[in-house]
Amino acid sequence: MATTLSEAYRDHPLHLHQIIPLDFSSLGTLPDSHAWPKDDGDDDRDHGSGSCIPIIDLMDPNAMELIGLACEKWGAFQLKNHGIPLSVIEEVEEEAKRFFALPADRKLKALRSTAGATGYGRARISPFFPKHMWHEGFTIMGSPCDDAKKIWPNDHARFCNKVENYQKQMKMLAEKLTEMILRLLGIGEEEKGWIGSSNLCEAVQLNFYPCCPEPNRAMGLAPHTDTSLLTILHQSQTNGLQIFKEGAGWVPVHPHPNTLVVHTGDILHILSNSRFRCALHRVMVNSARQRYSVAYFYGPPLDYVLSPFLLSSFPRFRSLSVKEYVGIKAKNLGEALSLITIIQN
């Protein structure tokens, strides 16, 4: 039985052609495989210029309440005074840049296997879309060293140490935020017993969005929600990330120095009985600047049973384990939540 997130994905293999990224460094034009049809309702690809997701100071005495409001209205917020040293964040971004700058044949030494979840490759959501994305990724679950050794056989310690330090710092922040969010939901200590355990569903994703010759026809990362309870994202000082908000459209998440983006995923949406949104997000690209980001995904263990916590309403979702939900979403990206929705008579 699968006990880690990496093992859970082995039950849902991909084909090799769905994993190998394009060698973007060799391209001067946008290939048809990466040319997305123009959306008639998305002419300027930025309808949310008058809106912005909230920036919350974690040291604010009202931080917990502000986070709750942001999760209800946006499913996302930017966090400052988060406690993670700037040097830790800068170092992992430098390691991402060092990796993605390598020649394609070198990066392919750590190519994700067809039944694997870690290593180099396209976004795992790629098979659900008719066109490819202008993106390369490197996924880490647990120790980064096995894959790092394939790329730097004699010099992997630097990469491993900096990524492992980042994982440790992000886990502590995720635990703090999760405690606050679950307290808002009135969830008792027994139900929170999994926090701090060693078999959590967690991952780090290094992302690279190269300069694109025709950015208005390309897509960095297609619209999707994350499976996680929450995702903590560091983005380089280049625009691209957008959150969808009803009534406002696609709202850009402008980078602010020394802030982290936090957005809620499907698991928190289920636990909150849809009180908290799961942030639909995408990434756009540009022709002038490369963009990097580092995402940390956090959630309960695979055997944890997801069941809506109810105060005064009927459950909107049936109970199921994290592993079962991961499996449903691996086969039905955009419909996973609807497939576990309980229809009220």
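As a convention, each chain's residues are numbered from 1 in the sequence order in which they are written. The predicted origin of the model limits local features to residues at a pLDDT of at least 70 and limits the giving and counting of side-chain atom pairs to 80 or more, whereas totals for whole chains, interfaces and linings rest on all residues. The basis for every side-chain value is the complete set of heavy atoms in the structure, and neither hydrogens nor water enter the calculation.

For the chain, an unreviewed UniProt entry supplies the name gibberellin 3beta-dioxygenase and the organism Sphenostylis stenocarpa. Quoted verbatim from the Cofactor (unreviewed entry) heading of the UniProt record, the comment on the chain is "L-ascorbate". UniProt positions are given in the numbering used here, feature names are shortened, and annotations may be inferred rather than shown by experiment. A UniProt comment under Sequence similarities (unreviewed entry) is attached to the chain, and it reads "Belongs to the iron/ascorbate-dependent oxidoreductase family. GA3OX subfamily."

A. View of the packing of helix α2 (residues 63-73) against helix α6 (residues 157-184). Working convention: axes come from line fits to C-alpha atoms, limited for helices to the stretch in contact. Angles between N-to-C directions cover 0 to 180 degrees. Secondary structure is summarised from DSSP: a helix means a run of H or I of at least four residues, a strand means a run of E of at least two, and numbering begins at the N terminus for each. At a closest axis distance of 10 Å, the pairing of α2 and α6 adopts a crossing angle of 75 degrees. On the basis of the axis angle, α2 is roughly perpendicular to α6. Counting all contacts with α2, which are made through Ala63, Met64, Ile67, Gly68 and Cys71, the residues of α6 involved are Leu177, Met180, Ile181, Arg183 and Leu184. In the contact of α2 with α6, the residues fall into eight nonpolar, one polar and one charged. Here the angle decides the label: under 35 degrees means roughly parallel, over 145 means roughly antiparallel, 65 to 115 means roughly perpendicular, and every other value means oblique. Any two residues having at least one pair of non-hydrogen atoms within 4.5 Å are treated as being in contact. Any residue that is not Ala, Val, Leu, Ile, Met, Phe, Trp, Tyr, Cys, Pro, Asp, Glu, Lys or Arg is counted as polar, Gly included; the first ten are nonpolar and the last four charged.

B. Geometry of the packing of aromatic side chains. Two aromatic rings, drawn from Phe, Tyr or Trp (for Trp, its six-membered ring), form a pair once their centres lie within 6.5 Å of each other, and the interplanar angle then sorts them: stacked below 30 degrees, edge-to-face above 60, tilted otherwise. Inspection of every chain in the model, using the stated rule, returns 14 aromatic pairs. Ring geometry for Trp152 and Phe159: centres 5.2 Å apart, planes at 40 degrees, overall tilted. A single burial state applies to Trp152 and to Phe159, both of which are buried. Every member of this aromatic cluster is reached through a ring pair, and the members are Phe99, Phe100, Tyr120, Phe138, Trp152, Phe159, Phe208 and Tyr292. Just above the ring of Trp152 sits the side chain of Arg98; from NZ or CZ to the centre is 4.3 Å. When the ring centre of Trp74 is taken as reference, the NZ or CZ atom of Lys245 above it lies at 5.1 Å. When accessible area is computed with a 1.4 Å probe and restricted to protein chains, residues below 20% of their type maximum are described as buried, those above 50% as exposed, and intermediate ones as partly exposed. Note on geometry: a ring has a charge over it if NZ (lysine) or CZ (arginine) is within 6 Å of the ring centre and within 35 degrees of the ring normal.

C. Highlighting the pairing of strand β5 (residues 201-209). Burial within β5 is extensive, with eight of its nine residues counted as buried. As judged from the five bridges shared by strand β4 (residues 136-140) and β5, these two strands associate in the antiparallel manner. Residue pairing across strands places Phe138 opposite Leu206, the latter belonging to β5. The sheet contact formed by β5 and strand β12 (residues 291-299) spans nine bridges and is antiparallel. Directly across from Cys201, in β12, lies its bridge partner Gly299. Strands pair, by our definition, only if DSSP identifies at least two bridges between them.

D. Layout of the packing of helix α3 (residues 86-100) against α6. The N-to-C vectors of α3 and α6 enclose an angle of 135 degrees; their axes lie 9 Å apart at closest approach. Taken as axis vectors, α3 and α6 run oblique relative to one another. For the pair α3 and α6, the sense of crossing is left-handed. Contacts between α3 and α6 involve Val88, Ile89, Glu91, Val92, Glu95 and Arg98 from the former and Arg158, Phe159, Lys162, Val163, Asn165, Tyr166 and Gln169 from the latter. Class assignment for the residues of the contact of α3 with α6 results in six nonpolar, two polar and five charged. Each crossing gets its handedness from the near helix: less than a right angle anticlockwise from the far helix is left-handed, clockwise is right-handed.

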